Amino acid sequence: MTLRETESRLAVAGGELPLLVVGSPDASSPTVIVLGEIWAVNSQIRGLCRRLAAEGCTVIAPDLYRGRGVPRAEAPQDELNLSFAAFPDVRAIRDLRLLLQAIAAGRFATGRAPPCLWGFCMGGRFAHYMAALDRGLAGAINFYGRLSFPRDGTKPFTPLDLCELIQVPYLGVFAEHDPLIPLTDVNELRQRMRQSNIEGTIRVFDGAQHGFMNETRPAHNPTIAAAAWSLAIDFIRARSRG
């Protein structure tokens with residue numbers, strides 16, 4: 001399969017949203033939006049996008065930082081915490097809504113069918129938000145995106161606040177050992193989705209740690225990562241069949 005990789009930009013309110021687009025020229029390929037961890041569209045996420053494109057998808061990875069303020073790869077946890085606290089969640093949600101509208105309009109020479117959205121850590125949080133706040137998705141995949149945290153001006157709500165609003169098929173994948181996402185939060189998400197009759201699957205991998213999919217981080221677990229990858233690919237393929 002011949003894959004095409006391009007860089008693009010989408011006009012958004014007050015600026016531009018940088019995008020990586022990877023896939024085949026076949027407009028019938030399912031489209032997947034990939035949202036990276038707190039480091040945005042780094043080399044690890046670029047590799048994941050290419051791998052996903054090789055599965056037959058057209059992949060669009062936006063930089064929700066708009067190209068400015070991405071934490072350093074070697075940043076200590078205190079610096080990452082400050083980046084998390086300062087990041088404007090509502091702006092990113094608006095940018096993603098514009099991206100979904102552009103995909104539906106054929107802006108990227110992809111099919112116009114609703115895409116799936118697959119996010120990791122920070123990106124998983126926004127996969128959850130978009131599942132609740134925009135019906136323009138075929139499905140949403142949250143890989144260890146935080147579910148609760150203190151609310152403030154940049155974060156006026158949490159994912160758990162919005163879980164009853166989820167309106168698309170949802171796959172949530174979490175780690176047993178995660179200091180950012182206690183299992184009580186995961187269990188609450190599962191219970192509230194069930195009570196609201198939301199179509200979804202919540203999976204916790206025993207023995208896994210936060211970030212287990214990222215092969216550049218100490219928490220990477222190849223066996224669990226392979227199983228989680230298959231789970232996500234099956235979800236995407238099921239959604240692309242309608």
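Residue positions within a chain follow its written sequence, with the count starting from 1. With pLDDT at 70 or above as the cut-off, local features in this predicted model cover only qualifying residues; side-chain atom pairs require 80 or more to be listed or tallied, and sums for whole chains, interfaces and linings still use all residues. Each side-chain value is worked out from all heavy atoms of the structure, with water and hydrogens disregarded.

### Remarks on the overall build of the protein
This is how it is decided: Each helix is a run of DSSP H or I of at least 4 residues and each strand a run of E of at least 2, with the numbering of both proceeding from the N terminus. Between the two quantities, the radius of gyration covers C-alpha atoms and the globule rule is 2.2 Å times the number of residues to the power 0.38. Relative accessibility under 20% of the residue-type maximum defines a buried residue, over 50% an exposed one, and the middle range a partly exposed one, all with a 1.4 Å probe and only protein chains included. The criterion used for residue contact is that any of the two residues' heavy atoms lie within 4.5 Å. The method behind every accessible area is Shrake-Rupley, applied with a 1.4 Å probe, and residues are considered shielded solely by the protein chains displayed. Lys and Arg are tallied as positive, Asp and Glu as negative. Neither His nor the chain termini are counted. For charged residues, the charge sits on one atom: NZ in Lys, CZ in Arg, CG in Asp, CD in Glu.
From N to C terminus, the protein includes six helices and eight strands. Starting at the N terminus and ending at the C terminus, the protein contains elements arranged as β-β-β-α-β-α-α-β-α-β-β-α-β-α. Over its C-alpha trace the protein gives a radius of gyration of 17 Å, about what one expects of a compact globule, namely 18 Å for 242 residues. The buried share of the protein, reckoned over its 242 residues, is 54%. A separation of at least 24 residues holds for 70% of the contacts in the protein among residues at least 6 apart in sequence. In the form shown here, the protein has an accessible surface area of approximately 10600 Å², with 51% of it arising from carbon and sulfur atoms. Across the protein, 26 positive and 24 negative side-chain charges occur, with their mean positions spaced 5 Å apart.

### As for the pattern of salt bridges
The cut-off we apply is this: Salt bridges are defined by distance alone: a side-chain nitrogen of Lys or Arg within 4 Å of a carboxyl oxygen of Asp or Glu.
What the rule picks out here adds up to 13 salt bridges. Glu16 serves as the salt-bridge partner of Arg9, at 3.7 Å between the closest nitrogen and oxygen. A residue is classified by how much of its surface remains accessible, and Arg9, at 45% relative accessible area, is partly exposed. Glu16 gets classed as partly exposed once you look at its relative accessible area, which sits at 42%. Between Arg192 and Glu188 there is a salt bridge whose closest N-O contact spans 2.6 Å. Of this pair, Arg192 and Glu188 both sit in helix 5 (residues 183–195), four residues apart, which is roughly one turn of the helix. By relative accessible area, which is 30% here, Glu188 ends up partly exposed. Taken together, the salt bridges that share partners define one network made up of Arg72, Glu74 and Glu79.

### Re the state of the cysteines
We apply this condition: When two cysteine sulfur atoms lie within 2.5 Å, the pair is treated as a disulfide.
The final tally for this structure, using the stated rule, is zero disulfides. Note on Cys49: no disulfide assigned, nearest cysteine sulfur contributed by Cys57 at a separation of 11 Å. Unpaired in this structure, Cys163 has its nearest cysteine sulfur neighbour in Cys121, at a distance of 19 Å.

### A short note on the pairing of strand 4 (residues 58–62)
The criterion, for reference: Paired strands are those between which DSSP finds at least two bridges. By convention a crossover is right-handed if, when the strands point away from the viewer, the path from the first strand over the helix to the second runs clockwise.
Most of strand 4 is tucked away: five of the five residues are buried. Where burial is concerned, the two faces of strand 4 agree: the one with Thr58, Ile60 and Pro62 and the one with Val59 and Ala61 are both buried. Pairing of strand 2 (residues 15–23) with strand 4 involves four bridges; the strand directions are antiparallel. Opposite Leu19, over in strand 4, you have Pro62 as the bridge partner. Direction of pairing for strand 3 (residues 31–35) relative to strand 4: parallel, over a ladder of three bridges. Residue pairing across strands places Ile33 opposite Ile60, the latter belonging to strand 4. Chirality of the crossover, the property in question, places the unit of strand 3, helix 1 (residues 43–54) and strand 4 among those that are right-handed.

### What to know about the nonpolar core
Note that soluble globular proteins tend to have their nonpolar side chains buried in a common cluster. Counted only if it meets this: Only buried Ala, Val, Leu, Ile, Met, Phe, Trp, Tyr and Cys residues count toward a nonpolar core, and they belong to the same one when joined by side-chain atoms within 4.5 Å.
Val34, Leu52, Trp118, Phe126, Phe143 and Phe212 are the most contacted members of the largest nonpolar core, which totals 87 residues. By residue number, the principal contributor to this core is helix 6 (residues 222–240), which donates eight residues.

### Here's the deal with the pairing of strand 2
The buried fraction of strand 2 is high, at seven of nine residues. Note that strand 1 (residues 4–12) and strand 2 share nine bridges and pair antiparallel. The residue of strand 2 that forms the bridge with Arg4 is Gly23. Following strand 1, the chain reverses through two residues before pairing antiparallel with strand 2; Gly14 in that reversal takes a positive phi of roughly 80 degrees.

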